[in-house]
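# Notes for the structure review
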Amino acid sequence: MLHLVRQASAESGIRDNISNKPISVLGFYVAAISSFAVPVVREVGGSYQLASIWEVSRYSFQTSAGRLATAFNLIQLSVFVALLIRSVFVKSNKHLLLTLTAIGGFIVYNVIEVVGYHHDLSTALFGSVSTTLFLIPLFPLLGEDADLILVARKAAPVMALTGMILSLVFAARFQLTCGIGSTVGWCPARDLFSYSICSLWAAVCLLDEKELSYSKRITLCCLMALIALLLSVRSWVIQASALAIYCSLFSSSESAGSKTRRVVMAFFVALAVVAVSSQIAPEVFETFSERIFDDTRSGQYETFFAQVNPTALIAGEGATAGYQYGNNANYLFFDNQFIYLSFHFGLIPVICLAWTLFRTIFVKRDAAGERNRDQLFCALLYVLALCGLSTFFSYEINVGIVLFFLALGYRFPVKTNKSSRIKMENANGGQ
């Protein structure tokens, strides 16, 4: 009987704990778990096929669990959009013009998709190229929700590490399955990788070194570089190196000599990672080294603009617009995400995204009139990724993008360290 009483008491405590959490927090956790479930489910039901009969070491990914992955994707997309709507209409909105432009474009282009192109609304909202892309520049509004900020501070480093571990496991599985040194285009490991780097950027923006130590930051950067080597992605090695150098140069250390030692140490750690990986998997390192100086960008621009009139980028050609690229007769994507956006939906979503990033880099100040260096630098890295310093880096609503934009939207209330800011907010009830 005593055991039953204790069990009932424990269950009641769990229910009370859940019921006391704000709806925004519960929604975020549901969406985050669903977002991570999408690539995991795809990988569990996935297989690799040769990309063409002329390439014996390049593969493409296929999955038999597409419907279940789509279901999880619909859940995370719906919840994140619901959280955004709540921030737009319930919380104080200081960005009315941006909000009206983004939501207005979203509504207009949904009408165009349904009436003009005769697509059903579900395809417009949840298709491969979704009209919800208009809404992404509004996610910094979530940074004004104190409850979500506290969740993001806890979740960002955990999600960065979780995404990298899963990506590393899936990338290693591919290498062991298809042969060491093989390469693959899009695959779940890349999606998880993009989640993790966005989460890492968010963690750098939101946490100081007392909360996320320098050694942990460098470890995550090295892990990121290792996964990039396994996937033969030189751009992400550059991104990892840039972030590691930044963390070393602008650490909280007051000694210039200490910062110099950190930069030197980070450099030798990176060399050690490369040296060890080249010995453990020389085929992977050889494949990567062969791609270092390859020009893999200009050809896509030439192919794209040989088929698409630049004036079409003003109004866009719709969600299903594509072009002939390689073996794909209707390729929907482009490595430069600004061109990708304008190709499908014109300049409105590009302007909204550019303004959000421009504001973070050049305009935004905290309550004391200071610019946040971490937000500025991570926004610059994100701009580089959008412009092509990345591969298969999807501009879409997912947990990584939401976390990162939330972190960009947070305005620190006073000029002090981040830990003290959060403690002060907690003491004031999150005001």
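Residues numbered from 1 in each chain as written. Predicted model: local features only at pLDDT ≥ 70, side-chain atom pairs only at ≥ 80, totals over all residues. Heavy atoms only, no water.

## Re the overall build of the chain
- Check the secondary structure of the chain and you find 18 helices and 5 strands.
- Within the chain, contacts between residues at least 6 apart in sequence are counted, and of these 74% link residues at least 24 apart.
- Summing over all exposed atoms, the chain offers an accessible surface of approximately 20,100 Å²; the carbon and sulfur share of this is 65%. (Helix = DSSP H or I, 4+ residues; strand = E, 2+ residues; numbered from the N terminus. Contact = heavy atoms within 4.5 Å. Areas by Shrake-Rupley, 256 points an atom, 1.4 Å probe, with all protein chains shown as cover.)

## Side note on the packing of aromatic side chains
- Summed over all chains, the structure comprises 35 aromatic pairs.
- Plain terms: the ring middles of F36 and Y195 are 5.5 Å apart, the flat faces sit at 80° to each other, and that makes the pair edge-to-face. A residue pair is termed long-range when its members are at least 10 positions apart, and F36 in helix α2 (residues 23-44) and Y195 in helix α7 (residues 188-206) qualify at 159 residues. Of the two residues, F36 and Y195, both sit in the buried class.
- Geometrically, the ring pair formed by F304 and Y323 is edge-to-face, given 5.0 Å between the ring centres and 90° between the ring planes. One end of the pair, F304, is in helix α12 (residues 298-307); the other, Y323, is in strand β4 (residues 323-325), and 19 residues separate them in sequence.
- Its relative accessible area of 2% is what places Y323 among the buried residues. (Phe/Tyr/Trp six-rings, centres within 6.5 Å; stacked < 30°, edge-to-face > 60°. Buried < 20%, exposed > 50% of the residue type's maximum accessible area, 1.4 Å probe, protein only.)

## Describing helix α17 (residues 399-409)
- In terms of residue burial, α17 counts as a mostly covered element, since 11 of its 11 residues are buried.
- Turning to α17, its buried residues number three or more, namely V399, G400, I401, V402, L403, F404, F405, L406, A407, L408 and G409.
- Against α2, α3 (66-89), α6 (146-178), α7, α15 (347-363) and α16 (373-387) lie the buried residues of α17.
- For α17, the capping residue at the N-terminal end is N398, with a side-chain oxygen 3.0 Å from the backbone nitrogen of G400. (Polar contact = N/O pair within 3.5 Å; in protein donor to acceptor, adjacent residues only side chain to side chain.)

## With respect to the packing of helix α9 (residues 234-249) against α16
- Where α9 meets α16, the closest approach of the two axes is 11 Å, and the angle between their N-to-C directions is 170°. Looking at the two axes, α9 sits roughly antiparallel to α16. Facing W236, Q239, A242, L243 and Y246 of α9, the residues of α16 in contact are R373, D374, F377, L381, L384 and A385.
- Tallied by class, residues from the contact of α9 with α16 come to 8 nonpolar, 1 polar and 2 charged. (Axes fitted to C-alpha atoms, helices over the stretch in contact; angles between N-to-C directions. Parallel < 35°, antiparallel > 145°, perpendicular 65-115°, else oblique. Nonpolar A, V, L, I, M, F, W, Y, C, P; charged D, E, K, R; others polar.)

## What to know about the side chain of N372
- Here N372 lies in the loop between α15 and α16.
- Within polar-contact distance, the side chain of N372 engages the backbone nitrogen of Q375 at 2.8 Å.

## Some details on the confidence of the model for the chain
- In the predicted model, the chain carries a mean pLDDT of 84, and 78% of its residues have values of at least 70.
- Note that residues 1-19 has pLDDT below 50 and, in this model, 1 contact with residues that lie over four places away or in other chains. (pLDDT = per-residue confidence, 0-100.)

## Observations concerning the nonpolar core
- F28, F80, W201, W236, L243 and Y382 are the most contacted members of the largest nonpolar core, which has 121 residues in total.
- Beyond its immediate stretch of four places on either side in the chain, L243 contacts L200, W201, V204, C221, F377 and L381. (Core = buried A, V, L, I, M, F, W, Y, C linked by side-chain atoms within 4.5 Å.)

## Brief notes about the pattern of salt bridges
- Summed over the entire model, instances satisfying the criterion amount to 4 salt bridges.
- Between R173 and E43 there is a salt bridge whose closest N-O contact spans 2.4 Å. On the criterion of sequence distance, the pair formed by R173 in helix α6 and E43 in helix α2 is long-range, its members being 130 residues apart.
- Between E211 and R153 there is a salt bridge; the shortest N-O distance is 2.3 Å. Here the residue E211 occupies a position in the loop between α7 and α8 (214-230), and R153 occupies one in helix α6, the gap between them amounting to 58 residues. (Salt bridge = Lys/Arg side-chain N within 4 Å of Asp/Glu carboxyl O.)

## Concerning the environment of F126
- Position of F126 among the secondary structure elements: in helix α5 (residues 121-126).
- Looking at F126, the relative accessible area reads 35%, which means it is partly exposed.
- Counting along the chain gives 49 residues from F126 to L77, while the straight-line C-alpha distance between them is 8.4 Å.
- Discounting residues that sit within four places of it in the chain, F126 has contacts with L74, L77 and S78.

## Some remarks on the packing of α7 against α17
- Packing of α7 against α17 brings their axes to within 8 Å, and their N-to-C directions diverge by 20°. Relative to α17, the element α7 lies roughly parallel. For α7 against α17, the interelement crossing comes out left-handed. Two secondary-structure elements touch here, α7 through Y195, C198, S199, W201, A202, C205 and L206 and α17 through V399, G400, I401, L403, F404, A407 and L408.
- Split into classes, the residues belonging to the contact of α7 with α17 amount to 12 nonpolar, 2 polar and no charged. (Left-handed = near helix turned anticlockwise from the far one by under 90°.)

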